[in-house]
Amino acid sequence: MHNRRRGGAGRRVALTGSLLVSVLALGAVPATAAPVRAATGTGSGSGSGSGSGTQRVIVLLRDQHPDLSPRTNAARRDSAVAQDQAPVLSLLRNGGATHLRQLSLVNAVAATLKPSAISRIRADRQVAAVVPDLPIPRPLLHPATTAAAATAAATAGSSSGTTRVGCPKDPKHPVVEPEALSLTKTDAAQKMATGKGVKIAFMAGGIDVDNPEFIRPDGSHVITDYEDFSGEGPHDKSYGEEAFGDASALAAQGSRTYDLAEQLPDAKLPKGCTFRIRGLAPDAELMSLKVFGENSASASGFVDAIQYAVEHGADVLNQSFGGTSYPDPATDPIRLADRAAVAAGTTVVASSGDSGAATCDYF
């Protein structure tokens, strides 16, 4: 794995499922595993380049070169995109733009500039649109709420309040999470297919690649690539609930046994509610793309992460976020990036609920 370093996030347990993600929210500590790649360009992440009187934007070029695949025609595409972007970059620099970030999966340039310069950029014949580089808030779990939900789910149905739902009859034979393993018959299907040979990229926050659930029996790592697109680096104060939930659901190894009484000490649950965590594709190779840090992510950071996944051979791209921030599908940078990823042969799976009642439709 690229430049792997030991970190402290999620030392307690990586958890999945509605109840288990609640437990993770209480047990996780800030992510400290060092990512190996900073966001490209001269800018950093969502918190930089937004000084007084300036605006973060994404300049979308008119020709997106759909005939030049980033996988099969990477060199020709890079050349064509660079040629398109050269005069636009010159305009941006002459207009005092900073934090320039060139993108190629979507032919676009992200920049921070004064609003007075935007009209000059829009007037360029190669520019299709100039849209805001919108912030995307990171998913949040609230410990008080999730603790109450976890307690209610673990004890219910009797006057004594000790009937345990989802707990094994014998603690020596722990239940296997997530519940979807049995509901979708995946536990039976794993006898034939375990995800071996499939590379899955997932977009979330920081994660500890050395968590025991992400180490295979032979000592190799489930997470083989960890990249930072947030600009905040390895020492932000995020907790990584989303990242651990996603990675665990995908490829946790089920190597350890946990007890809810220990994972939720403040809930005062009886001992014996034991469980293991096994991902739906435990033999898959994971690529962790850190787009969320302590602050909100940026649309350009998302596009950059999608681009990295495609360029580095991701078969599947898991996007656990939702939103309808851009009203026009034709100029939505994330939608354009997802469409380009699909055209390049990557299966894109997008959330439909993280934004609340609205659904996420990127295709």
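Reading guide: rules and limits
Residues numbered from 1 in each chain as written. Predicted model: local features only at pLDDT ≥ 70, side-chain atom pairs only at ≥ 80, totals over all residues. Heavy atoms only, no water. Helix = DSSP H or I, 4+ residues; strand = E, 2+ residues; numbered from the N terminus. Buried < 20%, exposed > 50% of the residue type's maximum accessible area, 1.4 Å probe, protein only. Contact = heavy atoms within 4.5 Å. Areas by Shrake-Rupley, 256 points an atom, 1.4 Å probe, with all protein chains shown as cover. Axes fitted to C-alpha atoms, helices over the stretch in contact; angles between N-to-C directions. Parallel < 35°, antiparallel > 145°, perpendicular 65-115°, else oblique. Nonpolar A, V, L, I, M, F, W, Y, C, P; charged D, E, K, R; others polar. Phe/Tyr/Trp six-rings, centres within 6.5 Å; stacked < 30°, edge-to-face > 60°. Polar contact = N/O pair within 3.5 Å; in protein donor to acceptor, adjacent residues only side chain to side chain. Salt bridge = Lys/Arg side-chain N within 4 Å of Asp/Glu carboxyl O. Pairing = 2+ DSSP bridges. Disulfide = S-S within 2.5 Å. Expected span 1.5 Å × (residues − 1).

**Student:** Is there a simple way to explain the overall build of the chain in this structure?
**Tutor:** When helices and strands are tallied, the chain shows 10 helices and 14 strands. Considering the chain as a whole, with its 363 residues, one finds that 51% of them fall into the buried category. The contacts of the chain with a sequence gap of at least 6 include a subset with a gap of at least 24, amounting to 78%. Accessible area of the chain: about 15900 Å², with a carbon and sulfur share of 53%.

**Student:** What is the right way to look at the packing of helix α9 (residues 299-311) against helix α10 (residues 333-343) in this model?
**Tutor:** Geometry of a packed helix pair, given as the angle between the helix axes and the separation of the axes. The geometry of α9 relative to α10 is characterised by a closest axis approach of 9 Å and an angle of 5° between their N-to-C directions. Viewed along their axes, α9 and α10 adopt a mutual orientation that is roughly parallel. Where α9 approaches α10, its residues Ala299, Phe302, Val303, Ile306 and Val310 are matched on the opposing element by Pro333, Ile334, Ala337, Asp338 and Ala341. When grouped by side-chain class, the residues that make up the contact of α9 with α10 number 9 nonpolar, no polar and 1 charged.

**Student:** Where do I start with the packing of aromatic side chains in this structure?
**Tutor:** Each aromatic ring pair is specified by the distance between its two centres and by the angle formed by the two planes. All told, the structure shown has 4 aromatic pairs when counted by the stated rule. Considering the side-chain rings of Phe214 and Phe244, the 6.1 Å spacing of their centres and the 15° angle between planes classify their relative orientation as stacked. Placement of Phe214 in the loop between β7 (199-204) and β8 (223-228) and of Phe244 in helix α7 (residues 241-251) is noted, with a sequence separation of 30 residues between them. Note on Phe244: relative accessible area 0%, which makes it buried. Residues Tyr258 and Phe275 carry aromatic rings whose centres are separated by 5.7 Å and whose planes lie at 35° to one another, so their mutual orientation is tilted. In this pair, Tyr258 is assigned in strand β9 (residues 258-259) and Phe275 in strand β10 (residues 274-277), connecting sequence segments 17 residues apart. This pair shows no difference in class: Tyr258 is buried, exactly as Phe275 is.

**Student:** Would you take a moment to explain the side chain of Glu227 for this structure?
**Tutor:** Its place among the elements puts Glu227 in strand β8. Overall, Glu227 belongs to the buried group, its relative accessible area being 1%. Polar side-chain contacts of Glu227 include one of 2.8 Å to the side chain of Tyr308.

**Student:** Which parts of the structure should I look at to understand α7?
**Tutor:** The periodicity of an α-helix, 3.6 residues per turn, causes residues three or four positions apart to be oriented the same way. For α7, the tally of buried residues reaches 9 of 11 residues, placing the bulk of the element in the interior. For α7, the complete set of buried residues consists of Glu241, Ala243, Phe244, Gly245, Asp246, Ala247, Ser248, Leu250 and Ala251.

**Student:** I'm lost on the pattern of salt bridges in this one. Help?
**Tutor:** Should the charged atoms of two oppositely charged side chains come close, the side chains can pair. Taken as a whole and assessed by the stated rule, the structure comprises 3 salt bridges. Its salt-bridge partner being Arg216, residue Asp283 comes within 4.0 Å of it at the nearest N-O pair. Linking Asp283 in the loop between β10 and β11 (285-290) with Arg216 in the loop between β7 and β8, this pair joins segments that are 67 residues apart in sequence. By relative accessible area, which is 31% here, Asp283 ends up partly exposed.

**Student:** Could you clarify how one ought to interpret the sheet that holds β7 in this entry?
**Tutor:** Strands pair in a sheet through their backbones, by hydrogen bonds, and they do so in one of two ways: parallel or antiparallel. On the basis of which strands lie adjacent, the open sheet formed by 5 strands has the order β8-β11-β7-β13-β14 and parallel pairing. Across the chains shown, the open sheet's two edge strands, defined by having one partner strand only, are β8 and β14 (347-350). The mean inter-strand angle of the sheet, taken between neighbouring strand axes irrespective of direction, is 15°. The pairing of β8 with β11 spans 5 bridges and is parallel. The residue bridging Glu227 from the neighbouring strand is Leu289, located in β11. Across the sheet, α9 is in contact with β7, β8, β11 and β13 (316-319); its angle to β11 comes to roughly 160°.

**Student:** Where do I start with the state of the cysteines in this structure?
**Tutor:** Here, disulfide denotes a covalent bond that connects the sulfur atoms of two cysteines. Using the criterion set out here, one finds 1 disulfide in the structure. Here Cys167 is linked by a disulfide to Cys273, with a sulfur-sulfur distance of 1.9 Å. Here the disulfide of Cys167 and Cys273 is left-handed, its torsion about the S-S bond being about -80°. On the criterion of sequence distance, the pair formed by Cys167 in the loop between α4 (143-154) and β6 (175-177) and Cys273 in the loop between α8 (260-263) and β10 is long-range, its members being 106 residues apart.

**Student:** What is the right way to read α9 from this model?
**Tutor:** Taking 1.5 Å as the rise per residue, α9 with 13 residues should run 18 Å; its terminal C-alpha atoms sit 18 Å apart, in good agreement. Taking burial as the measure, the 13 residues of α9 include 12 buried ones, the bulk of the element. Here α9 has its buried residues at Ala299, Ser300, Gly301, Phe302, Val303, Asp304, Ala305, Ile306, Gln307, Tyr308, Ala309 and Val310.

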